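Working through the structure, step by step
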Amino acid sequence: MAEFILRERRGAVGIITLNRPQILNAWNSAMREELTATLTTMEEDAEVRAIILTGAGDRAFGAGQDLNETKTFNPDRAEQWMGEWRRLYDRIRSLSKPIVAALNGVAAGSAFQVALLCDLRVGHPGVTMGQPEINSGIASTTGPWIMREHIGLARTIDLTLTGRMMDADECYRIGVINRLVPQEKVMSESLALAEHLASKPPVAMRLDRQRFREMTEEGFLDCLSAGIRIQREAYASGEPARMMEQFLARKAAAKKG
């Protein structure tokens, strides 16, 4: 269970670490399923009152989807892929306990979305966040929904269609990063914040998080339904596979250069 996900507990705080640092903690199917299971374990642990989610290494919270996985998808596998995201996102949304994202470097694509699904985000001046999926041929479906809930439609359109990344100052200015601290203090600040949240009355905490879920459930279900339709069409066209191969080839060439 601990190959792609690490977990520990410090007092009332559970800490979960995405553990693929060699590829900037990019997601694959096994990692998504391990994270979902680990969140369930912490949800069921009465000793855990708050959760921190972070990434291994000092370069990335997460780089988003591992393109070596998705470049081989056909429409049927793309639909299954949406089901994997639904299970993970629904697990985060249905937690009774608060969750803090401790950001260390880049949070891109679906990792950006997961960070936004957390209740609060702690970052440092080197953090970059955004939705660059279009650059690798991936159509965005869950991303626009969760971004619009946090930053409005105009910025959502900007980030989705340009694929640009925001620096930490912009993220902090628009409320995407809640606490901006020196890089070496990200985890200590996240732990202090999580301990503060853990001290709150647990029934009120559960009901508050439940209400946030209820308020956004219609949009969540809509984006998942649209995601199946859109990803099936995208992968049937062959464009994602072509674009991902080109993207990976450019990265490999840049490393050699």
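Description of the structure in this document. Position numbers for residues count from 1 along each chain, tracking the sequence in the order it is written. Residues qualify for local features only when their pLDDT is at least 70, as the model is predicted, and side-chain atom pairs are given and counted only at 80 or more; totals for whole chains, interfaces and linings, by contrast, use all residues. The side-chain numbers reported here are obtained from all heavy atoms of the structure, hydrogens and water having been left aside.

What about the overall build of the chain?
Each helix corresponds to a stretch of at least 4 residues labelled H or I by DSSP, and each strand to a stretch of at least 2 residues labelled E; elements are numbered beginning at the N terminus. A tally of helices and strands in the chain yields nine helices and 10 strands. Computed over the C-alpha atoms, the radius of gyration of the chain is 18 Å, within 12% of the 18 Å expected from 2.2 N^0.38 for a compact globule of 257 residues. With the C-alpha coordinates of the chain rotated into their principal frame, the extents come out at 50 × 40 × 40 Å. Every one of the 257 residues in the chain was classed for burial, and the buried ones make up 51%. Carbon and sulfur atoms provide 52% of the accessible area of the chain, an area that totals close to 11,700 Å². Here the chain contributes 33 positive and 33 negative side-chain charges, whose respective centroids are spaced 1 Å apart. Put simply, the radius of gyration uses C-alpha atoms, and a globule should come to 2.2 Å times the residue count raised to 0.38. Burial classes: relative accessible area under 20% of the type maximum marks a residue as buried, over 50% as exposed, and values in between as partly exposed (1.4 Å probe, protein chains only). For the area figures, the Shrake-Rupley method with a 1.4 Å probe applies, and any residue is considered shielded solely by the protein chains shown. Asp and Glu count as negative and Lys and Arg as positive, but His and the ends of the chain are not part of the count. For this purpose, a charge sits on NZ of Lys, CZ of Arg, CG of Asp or CD of Glu.

Notes on helix 3 (residues 75–94)
Under the 1.5 Å per step criterion, the end-to-end length of helix 3 is 28 Å for 20 residues, consistent within 8% with the ideal 28 Å. Among the residues of helix 3, those classed as buried are Arg77, Ala78, Trp81, Met82, Glu84, Trp85, Leu88, Tyr89, Arg91, Ile92 and Arg93. Two N or O atoms form a polar contact when they lie within 3.5 Å of each other; inside protein one atom must be a possible hydrogen donor and the other a possible acceptor, and for residues adjacent in sequence the pair counts only when both atoms belong to side chains. N-cap assignment for helix 3: the residue whose side-chain oxygen lies 3.1 Å from the backbone N of Asp76 is Asn74. The span expected for a helix works out to 1.5 Å for each residue beyond the first.

So, the sheet that holds strand 4 (residues 60–62)
Reading across the sheet, the four strands line up as 4-6-8-9 and stay open at both edges, with mixed pairing between neighbours. Edge positions in the open sheet fall to strand 4 and strand 9 (165–167), since each of these has one partner strand only. The mean inter-strand angle of the sheet, taken between neighbouring strand axes irrespective of direction, is 20 degrees. Two strands pair when backbone bridges link them, and strand 6 (residues 106–108) and strand 8 (residues 128–130) are joined in this way by three bridges, in the parallel orientation. In the sheet register, Ala107 faces strand 8, and the bridge partner there is Met129. Each pair of strands is called paired provided DSSP finds at least two bridges between the two strands. The angle between two axes is taken between their N-to-C directions and runs from 0 to 180 degrees, where each axis is a line fitted to C-alpha atoms and a helix contributes only its stretch in contact.

Quick look at the packing of helix 1 (residues 29–44) against helix 3
Here helix 1 crosses helix 3 at 25 degrees, and the two axes come no closer than 9 Å. Between helix 1 and helix 3, the angle falls in the class roughly parallel. Considering how the two elements wind past one another, helix 1 and helix 3 form a crossing that is left-handed. When helix 1 is examined against helix 3, the residues Ser29, Arg32, Glu33, Leu35, Thr36, Leu39, Thr40 and Glu43 are found in contact with a partner set consisting of Arg77, Trp81, Glu84, Trp85, Arg87, Leu88, Arg91 and Ile92. Residues of the contact of helix 1 with helix 3, tallied by class, amount to six nonpolar, three polar and seven charged. Any angle from 65 to 115 degrees is called roughly perpendicular, while one under 35 is roughly parallel, one over 145 is roughly antiparallel, and all others are oblique. Left-handed describes a crossing whose near helix is turned anticlockwise from the far helix through less than a right angle; right-handed describes the clockwise counterpart. Contacts: residue pairs with any heavy atoms within 4.5 Å of one another. Just so you know the grouping, Ala, Val, Leu, Ile, Met, Phe, Trp, Tyr, Cys and Pro go in nonpolar, Asp, Glu, Lys and Arg go in charged, and all remaining residues, Gly too, go in polar.

Spatial relationships are all this shows, so hold off on functional conclusions.
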